[in-house]
Amino acid sequence: MTRKLNLRIWRGDSTDGGLKDVVVDVNEGEVVLDVIHRVQATQMGDLAVRWNCKAGKCGSCSMEINGKPRLACMTQVASFDEGETITVTPLRAFPIIKDLVTDVSFNYKKAMEVPAYSHPAELGPGEARMEQVDVERSQEFRKCIECFLCQNTCHVIRDHEENKKSFAGPRFFIRIAELDMHPLDRIKNRKRTAQEEHGLGMCNITKCCTEVCPEHIKITDNAIIPMKERVVDIKYDPARMFSGQLRREKRD
Amino acid sequence: MSGVFSPTRAKIKERTLRTDKWWLEPAITFGVLFSFVIYATFRAFEGANYFVEPLISPFYSPCLSEACVEGSKLFGWAPVSAQVLGFALSPALIILIFPLGFRMTCYYYRKAYYRSFWFSPPACAVAEPHTKYTGETRAPLILQNAHRWFFYAGLVFNVFLTYDAVLAFRNEHGDWGHMSVGTLVLVVSSSLLWFYSLSCHTCRHTVGGRLKHFSKHPFRYKLWTTVSVLNTKHQQFAWFSLAAVAFADIYVRQVATGAWTNFYFF
Amino acid sequence: MSQNLQKLKYDVVIVGAGGAGLRAAVEAREAGLRVAIICKSLFGKAHTVMAEGGAAASMGNANSNDNWMVHFRDTMRGGKFLNHYRMAELHAKESPDRIWELEMWGALFDRTKEGKISQRNFGGHEYPRLAHVGDRTGLELIRTMQQKIVALQQQDGRDHGDMEANLKVYAEFTVTDILKENGKVAGVYGYWRENGDEILFEAPAVVIATGGVGKAFKITSNSWEGTGDGHALALKAGANLKDMEFLQFHPTGMVWPPSVRGILVTESVRGEGGVLTNNKGERFMFNYIPDVFKDKYATTEEEADRWYTDQDNNRRPPELLPRDEVARAINSEVKAGRGTEHGGVFLDVSKRLSAEVIKKRLPSMWHQFYELAGVDITKEPMEVGPTCHYVMGGVDVEPDTAAAIGVPGLFAAGEVAGGMHGSNRLGGNSLSDLLVFGRRAGAAAADYAKANGANPVSDATVTQAAQRIQAPFENAGGENAYSLHAELQEVTHNLVGIIRTGAEIKEAIAKIADIRARSKNVSVAGDRKFNPGFHLAFDLDNMLLVAESTAKSADLREESRGGHTRDDFPGMSSTWRQVNHISSFDGTKVTVTARPLPPMPKELFDLFDVHELEKYMTPEEIAKGGSN
């Protein structure tokens, strides 16, 4: 069953751009990415769009569909009303390259700033023992497909370009949480650096990252808030403050 | 020009291209929270109609001031004078900071009011109006880190309010073994407060979340698992407990003024 | 050659940032060299992330009877003994170390009760052998190595003040040529996809790890990147491809709805208890157990059902036969009119497992069907059918070093390399393959670069490479790359797909030659800035070379074996087993010749029961009993 769909696509680059209207065929069961590909193959051969797996596993086709950050391959055309115009725009937190493609290098820079996992020196190959219950929390965060929708929707950088230098963003807060909860990681000061270097305190937990996560990772409840609580442990905990433990830890 | 209108970003003039009713949720949140604040302020300053045997309004409990009406004082004790620094403070104002602080610093309410009162952001992918943003890194918002202090205080309050609910199993002459609509109201509101406190993120962290190895602490892991389940409903508990506390106060006030009669089941 | 051409110098350049490429990069960097990683997509998006089931390694955590010899035997059997024995041997011996190494870099595999890495059952593996993380093992591999790369960069940052001084990722970059000087590799040439600007990478050693060729086919599980770039680059650089007729059609791709056609349904669905039925409700796989597997698979539904709870005393269900067998069986059922209305069969996991268990054990499958197709696999069956998944054929390499034979300085690892999997790959052997041979390629490339030093690229070579990139813009009003690609996919799907005949293959060869001739005239709309039409022009050229090589190899092989099924030659022949098909390219056409397969040495030969070998080998080979 084929019908016509009204699509508005943002076309342009860093100098200028705007929304262009196209009418395109759409078949039953198709997702927005299918329709964009049809536009590309039949009407706009040079329409730039990123995509890879088309199965919601690689996190390449991140864009904004009717203003919401989404994966185009996971957005069914049928989820919109028939006759409704679908507006497709590039991610709005990152510099534009062309059409639906933005420069997401910010995220790769931030990835390089999080200190890597450090394995216990005494454990050789095959000697590590970890219980399933101890790895499950971190495993949730390792589901991340790095679509960067959370980074894109986070108002800390979306609405404040100047914060980019001091804020790692939700994707890297889950990375830090993953490592801090990793049963064998040796690095002890991840809580302090999360707060003092990666901008954890900038987050005001308005939860948009969780709302847009296509992997349904509970970014705020399971990573950011627990990390904020761990920061409270080392900086503001009442019991530890009275016992003087906080001051002792700070010296370490 | 900053944010989504920065020169490097795709040139789109709309603050958002969302076509759904994204403004509805913050609008409702604003309406409800604002009404509560107005009502609570009025009641906190009223300083009357908060006690009628055997019921005490949760806004006024524990009643610690010399100004507390006869029978409302916690164990008949009044450590705070009726005048503080020359002001005649209502007994509610002395204690309000604790439950208020707990809710103000609660991870859920932070989301709710940052969005609906401060538009930071009003909704996801809707540009916020502020030109500068520093989050919770400096005063006053750095005080959000005091949530754990308020959590502990909140637990103490829950004990008092539960005690109040137990006292409500008496009749207006102080005889035990009775139960009224007022009893139910206090039992429900104090229970919901427990659910609200125990489902809190700080609680989840303290009972087990801070551990690195769950496998070495099976009991705490079990606690953590239970609190984690409650935690997914923290938002609902936040609203239900707020509504229940407000209603308990309204109920006590209505009974105290004589507008309603506290019906006894037995 | 443009005036401001950027020239970069490295010791080793890795083309491809999937599992094999990243593993090679880690090894070369740890050998102390300067390494560039080039990827066509963003870093971390490689097709490896799609691998679901796991990585096969005989760690023996789930069953202590497992060891490298059992794994080696399974691999050879799966490949119908066309594998290069030495690659299969190295792979079986080294894969446990490669998995443990990932753990030391931060990977979090699922655990056994003792806290070791959990291992799961998979088709063709005698014991539970696949290290896994739910059903997103490939993602775990990529992420772990991506983070290992970052760890190495952080070390460089501490040592030299520049994190990218000695190891840098060039993302969204297309390589159009491997450059040679004096008969040896001298570097690679290509352009940024973002703006079309060209870069010359000068390096004495190049590792290609570009993955597969699926996009040359109509129904495929591969992403757009699987266009056979490395295969084509190697051919053009003078290397040979081996056994390109062998393509694995994964038996269970989604067939409905059309927008997700081709996307994989992991074999774990069958490993966890999913059964295949036709439109009559029959569990048809029992009718398709080949003679060589008769004693290893259950013959009744009762025994098959018991196996899920008691694996020591029952034979496995036939749903877990090697992929080629299952794919052919599904194909036959559909051809006989017993398929679903959309041309597949039913795969049902909902009857055996509770909704909760399905969501726990197969989370991404549940997610995939529910969100991409609106099907709830905890309640209803899936509709599945064969999809082009993996190419066993690939660059002809030295087993120990992954060096491309005939081109000094060129190395190939992962799916782009041939020989490891013979005529058919076992599930789970791909992730371990790319770790084992990725590491070997990286190490050998580093050794080669140290021993040989820089090999400067001449201006003439660069000019030639630059001209190739400009060409599509100079053809006005020529062919549309998108339509040619679609035409090629029709040809490969219909004529050299899962079931082949001599006449159809010959027709395919002629049609591919025709498309190739017309492709010289492809023209591109727009400019160089992130222009997919422009990018496709190069991908198309690569896919055409691959398709030509596949068709010509398929034409020669007059038997059916693994990923090559001839309707006109349905049987497997022991004499054909002694032959590899070698494709070479002279600049205009691909030529395929036969080359004898190296025989197994005695110590490996003796690992098998001689009666089993009799099913595959000629009496003379059996009598000889190995090569030494």
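In what follows, the structure referred to is the one given above.
Residues numbered from 1 in each chain as written. Chains lettered and ligands numbered in written order. Predicted model: local features only at pLDDT ≥ 70, side-chain atom pairs only at ≥ 80, totals over all residues. Heavy atoms only, no water.

Peer 1: So what exactly am I meant to see when it comes to the interface of chain A and chain B here?
Peer 2: How large an interface is tends to be reported as the accessible area lost when its parts come together. Across the boundary between the two partners, chain A contributes 63 residues, which contact 58 residues of chain B. Of the roughly 5100 Å² buried between chain A and chain B, counting both surfaces, carbon and sulfur atoms make up 51%. Summed over the three residues of chain A that lose the most area to chain B, namely Arg92, Arg137 and Glu229 of chain A, the buried surface amounts to 15% of that side. In this structure, the connection of chain A to chain B is made through eight salt bridges. The salt bridge partner of arginine 210 of chain B is aspartate 233 of chain A, with a shortest N-O separation of 2.8 Å. Where chain A touches chain B, the interface holds 45 residue pairs in polar contact (both at pLDDT 80 or more). Broken down by secondary-structure element, the contributors of at least two residues to the side of chain A that touches chain B are strand 4 (68-71), strand 5 (86-89), helix 3 (132-142), helix 5 (155-158), helix 6 (170-181), helix 8 (208-212), helix 9 (219-235) and helix 10 (238-243) of chain A. For the side of chain A that touches chain B, the leading source of residues is helix 9 of chain A, giving nine residues. A breakdown of the residues in the side of chain A that touches chain B according to their chemical character gives 24 nonpolar, 16 polar and 23 charged. (Contact = heavy atoms within 4.5 Å. Buried area = accessible area lost by both parts, 1.4 Å probe. Salt bridge = Lys/Arg side-chain N within 4 Å of Asp/Glu carboxyl O. Polar contact = N/O pair within 3.5 Å; in protein donor to acceptor, adjacent residues only side chain to side chain. Helix = DSSP H or I, 4+ residues; strand = E, 2+ residues; numbered from the N terminus. Nonpolar A, V, L, I, M, F, W, Y, C, P; charged D, E, K, R; others polar.)

Peer 1: I would appreciate a short explanation of the sheet that holds strand 17 (residues 394-395) of chain C in the present structure.
Peer 2: Adjacent strands of a sheet pair through backbone hydrogen bonds, lying either parallel or antiparallel. All names here are of chain C. Spatially, 17-12-19-20 is the arrangement adopted by the four strands of the open sheet, whose pairing is antiparallel. Each edge of the open sheet carries a strand with a single partner, namely strand 17 and strand 20 (590-596). Sheet topology note: the strand 12 (residues 241-242)/strand 17 ladder contains two bridges and is antiparallel. In the strand pairing of strand 17, leucine 241 is matched with valine 395. Packing against the sheet, helix 5 (residues 229-236) makes contact with strand 12, strand 17, strand 19 (579-585) and strand 20, and its axis sits at approximately 70° to strand 19. (Pairing = 2+ DSSP bridges. Axes fitted to C-alpha atoms, helices over the stretch in contact; angles between N-to-C directions.)

Peer 1: Could you clarify how one ought to interpret the nonpolar core in this entry?
Peer 2: Soluble, globular proteins show a tendency: their nonpolar side chains are buried together. Core analysis: the largest hydrophobic core is formed by 272 residues, its most contacted members being Leu7 of chain A together with Val12, Val13, Phe201, Val395 and Leu410 of chain C. Considering every element that reaches this core, the biggest residue donor is helix 15 (residues 532-556) of chain C, with 12 residues. Non-local contacts of leucine 7 of chain A, meaning those with residues more than four positions away in its chain, are made with Lys20, Asp21, Val22, Val24, Val35, Val39, Ile86 and Val88 of chain A. Formed by 25 residues, the second largest nonpolar core is a distinct cluster that contains Cys106, Tyr108, Tyr109 and Cys203 of chain B. (Core = buried A, V, L, I, M, F, W, Y, C linked by side-chain atoms within 4.5 Å. Buried < 20%, exposed > 50% of the residue type's maximum accessible area, 1.4 Å probe, protein only.)

Peer 1: Could you clarify how one ought to interpret the pattern of salt bridges in this entry?
Peer 2: Pairs may arise between side chains of opposite charge once their charged atoms sit close together. In total, this model carries 93 salt bridges over all chains according to the counting rule given. One connected set of salt bridges, linked through shared partners, spans Arg23, Glu27, Glu94, Arg98, Glu101, Arg439 and Arg440 of chain C.

Peer 1: Can you help me understand the packing of aromatic side chains in this one?
Peer 2: The geometry of an aromatic ring pair is captured by two quantities: the separation of the ring centres and the angle between the planes. Applying the stated criterion to the full structure yields 49 aromatic pairs over all chains. Judged by centre distance (5.2 Å) and plane angle (55°), the rings of tyrosine 113 of chain B and tyrosine 114 of chain B are tilted. By relative accessible area, tyrosine 113 of chain B is classed as buried at 15%. Among the residues examined, tyrosine 114 of chain B registers a relative accessible area of 4% and is labelled buried. Here phenylalanine 217 of chain C and phenylalanine 249 of chain C contribute two aromatic rings whose centre-to-centre distance is 6.1 Å and whose plane-to-plane angle is 85°, an arrangement assigned as edge-to-face. Here the residue phenylalanine 217 of chain C occupies a position in the loop between strand 11 (205-208) and helix 5, and phenylalanine 249 of chain C occupies one in strand 13 (residues 247-254), the gap between them amounting to 32 residues. (Phe/Tyr/Trp six-rings, centres within 6.5 Å; stacked < 30°, edge-to-face > 60°.)

Peer 1: I would appreciate a short explanation of the interface of chain C and chain A in the present structure.
Peer 2: Each partner contributes residues to the interface: chain C has 63 residues there, and chain A has 64 residues. Interface area for chain C against chain A, summed over the two sides, is near 5200 Å², with a carbon-plus-sulfur share of 54%. Looking only at chain C, the three residues that lose the most surface to chain A are Lys45, Met104 and Leu108 of chain C, adding up to 13% of its buried area. At the boundary of chain C with chain A, the tally comes to six salt bridges. A salt bridge links aspartate 13 of chain A to lysine 529 of chain C, with the nearest nitrogen and oxygen atoms 3.6 Å apart.

Peer 1: Explain the packing of helix 14 (residues 502-519) of chain C against helix 15 of chain C here, please?
Peer 2: The packing of two helices is summarised by the inter-axis angle and the distance between the axes. Residues and elements named next belong to chain C. Two numbers describe how helix 14 lies on helix 15: the axes approach to 9 Å, and their chain directions differ by 155°. Taken together, helix 14 and helix 15 sit at an angle that is classed as roughly antiparallel. Between helix 14 and helix 15 lies a crossing of left-handed hand. Packed against helix 14, whose contacting residues are Gly502, Ile505, Lys506, Ile509, Ile512, Ile515, Arg516 and Ser519, the element helix 15 presents Leu540, Asp541, Leu544, Leu545, Ala547, Glu548, Ala551, Lys552, Ala554 and Asp555 at the interface. Grouping the amino acids of the contact of helix 14 with helix 15 by side-chain chemistry returns 10 nonpolar, two polar and six charged. (Parallel < 35°, antiparallel > 145°, perpendicular 65-115°, else oblique. Left-handed = near helix turned anticlockwise from the far one by under 90°.)

Peer 1: Where do I start with a nonpolar patch on the surface in this structure?
Peer 2: A grouping of Phe30, Phe34, Ile38, Phe117 and Trp118 of chain B is seen on the molecular surface, where their side chains present a nonpolar patch of about 500 Å² in accessible area. When you line up the elements, phenylalanine 34 of chain B lands in helix 1 (residues 24-46). (Patch = residues over 30% accessible without salt bridge, like charges linked within 9 Å, V, L, I, M, F, W, Y side chains within 5 Å. Areas by Shrake-Rupley, 256 points an atom, 1.4 Å probe, with all protein chains shown as cover.)

Peer 1: What am I meant to see in the layout of surface pockets here?
Peer 2: A probe matching the size of a water molecule, rolled over the atoms, marks out where space remains unfilled. Looking at the second largest pocket, its volume works out to about 1400 Å³. In terms of lining, the second largest pocket is formed by 46 residues, of which the most central are His37 and Trp51 of chain A together with Lys215, His485 and Gln489 of chain C. Those elements that provide at least two residues to the lining of the second largest pocket are helix 1 (32-42) of chain A together with helix 13 (481-495) and helix 15 of chain C. Per-element tally for the lining of the second largest pocket: the top contributor is helix 1 of chain A, with six residues. (1 Å grid on protein atoms, 1.4 Å probe; cavity = no way out; pocket = protein on both sides within 12 Å on 5 of 7 lines; lining within 4 Å. Points joined across faces, edges and corners; volume = space filled by probe spheres on them.)

Peer 1: Where do I start with the pairing of strand 16 (residues 382-391) of chain C in this structure?
Peer 2: In regular strands, side chains alternate between the two faces of the sheet. Residue and element names in this part refer to chain C. The buried count for strand 16 comes to nine of 10 residues, which makes it a mostly enclosed element. Inspection of the sheet shows strand 13 paired to strand 16 by six bridges, in the antiparallel sense. Each residue of the ladder has a partner; that of methionine 254, found in strand 16, is valine 384. Bridge count between strand 15 (residues 345-348) and strand 16: three bridges; the pairing is antiparallel. Counted as the bridge partner of valine 345 is valine 384 from strand 16.

Peer 1: Would you mind going over the state of the cysteines with me for this structure?
Peer 2: What we call a disulfide is simply a covalent bond connecting the sulfur atoms of a pair of cysteines. Going through the model one piece at a time under the given rule, you end up with two disulfides over all chains. Each sulfur of the disulfide joining cysteine 208 of chain A and cysteine 124 of chain B lies 2.1 Å from the other. Classification of the bridge connecting cysteine 208 of chain A and cysteine 124 of chain B rests on its S-S torsion, roughly -90°, and on that basis the disulfide is left-handed. With cysteine 208 of chain A in helix 8 and cysteine 124 of chain B in the loop between helix 4 (107-116) and helix 5 (147-167), this residue pair bridges two chains. For the pair shown, cysteine 208 of chain A and cysteine 124 of chain B are each scored as buried. In this model cysteine 213 of chain A remains outside any disulfide bridge; the closest cysteine sulfur is found in cysteine 147 of chain A, 6.3 Å from its own. On the basis of relative accessibility, which here comes to 12%, the residue cysteine 213 of chain A falls in the buried class. Cysteine 200 of chain B takes part in no disulfide bond, and the closest cysteine sulfur, belonging to cysteine 203 of chain B, lies 6.1 Å away. Residue classification places cysteine 200 of chain B among the buried residues on the basis of a relative accessible area of 1%. (Disulfide = S-S within 2.5 Å.)

Peer 1: Sorry if this is basic, but what is going on with the side chain of arginine 193 of chain C here?
Peer 2: Residue and element names in this part refer to chain C. Take arginine 193: it is sitting in the loop between strand 9 (184-192) and strand 10 (198-202). An unpaired buried charge is present at arginine 193: no salt bridge exists, and aspartate 539, the closest side chain of opposite charge, is 5.0 Å distant. One polar contact links arginine 193 to histidine 535, side chain to side chain, over a distance of 3.1 Å. Dropping the residues within four chain positions of it, arginine 193 is found in contact with Lys40, Glu172, Phe173, Thr174, Trp224, Arg528, Lys529, Phe530, Asn531 and His535. (Lys, Arg positive; Asp, Glu negative; His and termini not counted.)

Peer 1: Teacher, can you tell me more about the arrangement of the chains here?
Peer 2: With two pairs of chains in contact, the largest contact count belongs to chains A and B. These two, chain B and chain C, are apart from each other, with no contact and a minimum C-alpha gap of 11 Å.

Peer 1: Just to check I follow, could you spell out the sheet that holds strand 1 (residues 6-9) of chain C for this structure?
Peer 2: Residue and element names in this part refer to chain C. With respect to topology, four strands assemble into an open sheet ordered 1-10-9-8, the strand pairing being mixed. The sheet is open, and its two borders are formed by strand 1 and strand 8 (173-181), each paired with just one other strand. Geometrically, the sheet is characterised by an average inter-axis angle of 25° between neighbouring strands, direction not taken into account. Bridge analysis of strand 9 against strand 10 gives five bridges, and the strand direction is antiparallel. The partner of glycine 190 across the bridge, within strand 10, is isoleucine 199. On the sheet, helix 12 (residues 459-474) packs against strand 1, strand 8, strand 9 and strand 10 and is oriented at approximately 150° with respect to strand 8.

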